[in-house]
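Overview (structure and organization)
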Amino acid sequence: MQTLFASVPLSFFSDLGQQFYDDFILKDRYMYIVQGFANTVVITLVAVIIGIILGTLVALVRITHQNNPKKLRILNKICGLYLTVIRGTPVLVQLMIMVYFIFASGETLLVAMLAFGINSGAYVAEVIRSGIQSVDRGQIEAGRSLGLNSRTTMSKIVLPQAFKNVAPAVFNEFIALLKETSIAGYVGIQDLTKGGDIIRSITYDAFMPLFLVAAIYLVLVILLTMCLSKLERRLHQSDKR
Amino acid sequence: MISVKNLEKTFHTQRGDLQVLKGINQEIQKGEKVVVVGPSGSGKSTFLRCLNLLEMPTGGEVWFEGTQINAPGCDVDQLRRKMGMVFQHFNLFPHLSVLKNITLAPVTLKLKSEKEAEDKAMQLLKRIGLQDKANAYPSQLSGGQQQRIAIVRALAMEPDVMLFDEPTSALDPEMVGEVLQVMKELAHEGMTMVVVTHEMNFAREVATRVLFMDEGLVLEEAKPDEFFDHPKNPRLQDFLSKVL
């Protein structure tokens, strides 16, 4: 221990209480963390929903076109372009373009939700597409042979199974998204990371605010991961013998 | 009831075209039980799948109850309601309970209320002795049970004809009997059936007519006694000598 902390002055430990007080209690500075946390959660949740809807739509367009190349030709091109651009550029650049250029006059928080949602949609689309393709062809044939049209077969038979197959992968995508939103501070949004950073810039103490921020992310991710394994167990109940 | 005129099917593959059906003519009357046998690759499954357009014929005509179903603009979904199909691999919906598997189509297509469909499903399940499996999921059932439920699922649509595509080929030997039993009962009740199978005893016992297909053509058709005891076509004689 002594050698490890040799370069840290003793006052570091004796001042911990004082630092904690300065960082979080004084002038209600903990509110930076609380508000930041709220913003991070809200951005993530809304982006998740946008991502799932957008991703599913894009996946459906691409699958429909793939099965019948005459259908949705233009829409498929647009979707292809969307996937290429979004996956080929950094999310931070996309966020800045959205906030400072495309929706320069919009409410920054809303624009950020949209930007993260659009970004996430591109990754979710590919996951869902693979999920749809993983459903056995016989399932479609069985549905069609009962007189269901292709849309009903897709929505009642294929998609539920596809979602089930990819739920863990999609959920993982959202755990990643939660951490990715930490760049929102770049465009002036006070998310969890920015909240911690603001405290650091006021008190000049980097240790406590940033470690607290890290700990909050970590706990969130651990909780979500626990939810994920619970979800997986529930989804696989119908597979049990 | 079903009329097939000069039916052709060619698959376009990367290695070139493969003609699987080379002009088939058939008339299937109401109440007939037509069993199709032949070596693998003879096109018998493709023939069956052309009857409800799971495969789109590349030539010829398929008529069902007075309508040409492979004509452009024909509402295929409507016609498929009246043609039940049973698959080699059952194709039950794994995410739905047995009961939901059976009621999904009638309820979704608004042919029956949820209650009516469930009553009908339970009645059908009772007939095959699986009423206690109504809330089970397909993966919890044996292959034989799954296939019987797949038959019931098709019957729930109250079809006019039932198509069977090698219904026992994916089953363990000890489960073949229970599925054939359900099919026999169905035949005795007067259901029109077209069955692709390798079960020669079933063909002999149940069929009103047996077709022998090879290389995309029907080479011989006859009543079962005639078919099995006095085969004329040398290829059929050869086939029967191998399978019987």
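Located above this text is the structure these notes cover.
Residues numbered from 1 in each chain as written. Chains lettered and ligands numbered in written order. Predicted model: local features only at pLDDT ≥ 70, side-chain atom pairs only at ≥ 80, totals over all residues. Heavy atoms only, no water.

Focus: the overall build of chain B
- Helix and strand content of chain B: 9 helices and 10 strands.
- Radius of gyration (C-alpha) of chain B: 18 Å, near the 18 Å computed for a compact globule of 244 residues.
- Over its C-alpha atoms, taken along the principal directions, chain B stretches across nearly 50 × 45 × 35 Å.
- Residues counted as buried form 57% of the 244 residues belonging to chain B.
- A separation threshold of at least 6 residues defines the contact pool for chain B, and within that pool the share at least 24 residues apart is 65%. (Helix = DSSP H or I, 4+ residues; strand = E, 2+ residues; numbered from the N terminus. Rg over C-alpha atoms; globule rule 2.2 N^0.38 Å. Buried < 20%, exposed > 50% of the residue type's maximum accessible area, 1.4 Å probe, protein only. Contact = heavy atoms within 4.5 Å.)

Brief notes about the pairing of strand β10 (residues 217–222) of chain B
- Looking at chain direction, strand β9 (residues 209–214) of chain B and β10 of chain B are connected through 5 bridges and run antiparallel. Among the inter-strand pairings, Val210 of chain B is bridged to a residue of β10 of chain B, identified as Ala222 of chain B. (Pairing = 2+ DSSP bridges.)

Let's talk about the interface of chain B and chain A
- Contact residues are listed per partner, giving 25 residues for chain B and 21 residues for chain A.
- In this assembly, chain B and chain A are joined by 2 salt bridges.
- Among the ionic pairs, Arg144 of chain A bridges to Asp77 of chain B, the shortest N-O distance being 3.0 Å.
- Within the residue set of the side of chain B that touches chain A, elements represented by two or more residues are α2 (76–80), β6 (83–86), α3 (98–108) and α5 (143–155) of chain B.
- No other element matches the 3 residues that α3 of chain B contributes to the side of chain B that touches chain A.
- Per-class residue counts for the side of chain B that touches chain A are 14 nonpolar, 6 polar and 5 charged. (Salt bridge = Lys/Arg side-chain N within 4 Å of Asp/Glu carboxyl O. Nonpolar A, V, L, I, M, F, W, Y, C, P; charged D, E, K, R; others polar.)

Here's the deal with the nonpolar core
- Grouped together as the largest cluster of nonpolar side chains are 50 residues, with contacts concentrated most on Ile149, Ile151, Met162, Phe164, Met183, Met193 and Phe227 of chain B.
- Judged by nonpolar contacts, the second largest core, of 38 residues, contains Ile28, Leu54, Val194 and Met213 of chain B. (Core = buried A, V, L, I, M, F, W, Y, C linked by side-chain atoms within 4.5 Å.)

With respect to the packing of aromatic side chains
- Within the structure shown, the criterion is met by 3 aromatic pairs over all chains.
- On the basis of an interplanar angle of 45° and a centroid distance of 5.0 Å, the ring pair of Phe207 of chain A and Phe211 of chain A is categorised as tilted. Here Phe211 of chain A and Phe207 of chain A lie together in helix α10 (residues 207–235), a separation of 4 residues that amounts to about one turn.
- Consider the rings of Phe212 of chain B and Phe239 of chain B, whose centres lie 5.3 Å apart with planes at 45°: the pair is tilted. Here Phe212 of chain B is found in strand β9, whereas its partner Phe239 of chain B is found in helix α9 (residues 234–243), with 27 residues between them in sequence. For the pair formed by Phe212 of chain B and Phe239 of chain B, the shared burial category is buried. (Phe/Tyr/Trp six-rings, centres within 6.5 Å; stacked < 30°, edge-to-face > 60°.)

Comments concerning the side chain of Arg153 of chain B
- Position of Arg153 of chain B among the secondary structure elements: in helix α5.
- The contact partners of Arg153 of chain B, leaving out residues within four places of it in the chain, are Ala142 and Leu146 of chain A together with Phe90, Asn91, Leu92, Phe93, Asn101 and Ile102 of chain B.

Let's talk about the pattern of salt bridges
- Scanning the model with the defined rule gives 24 salt bridges over all chains in all.
- Here Lys112 of chain B makes a salt bridge to Glu158 of chain B, at a shortest N to O gap of 3.2 Å. Highlighted residues: Lys112 of chain B in the loop between α3 and α4 (114–127) and Glu158 of chain B in the loop between α5 and β7 (161–165), separated in sequence by 46 residues.
- Each of the salt bridges in this network shares a partner with another, and the network as a whole consists of Arg62, Arg87, Glu126 and Arg129 of chain A.

Some words on the packing of α5 of chain B against helix α6 (residues 173–188) of chain B
Residues and elements named next belong to chain B.
- α6 packs onto α5 with a crossing angle of 20° between their chain directions and a minimal axis gap of 8 Å. With respect to their mutual orientation, α5 and α6 come out roughly parallel. Handedness of the α5/α6 crossing: right-handed. Along its contact with α5, which presents Gly143, Gly144, Gln145, Gln147, Arg148, Ile151 and Leu155, the element α6 presents Met175, Glu178, Val179, Val182, Met183 and Leu186. (Axes fitted to C-alpha atoms, helices over the stretch in contact; angles between N-to-C directions. Parallel < 35°, antiparallel > 145°, perpendicular 65-115°, else oblique. Left-handed = near helix turned anticlockwise from the far one by under 90°.)

Just distances and angles here, no functional claims.
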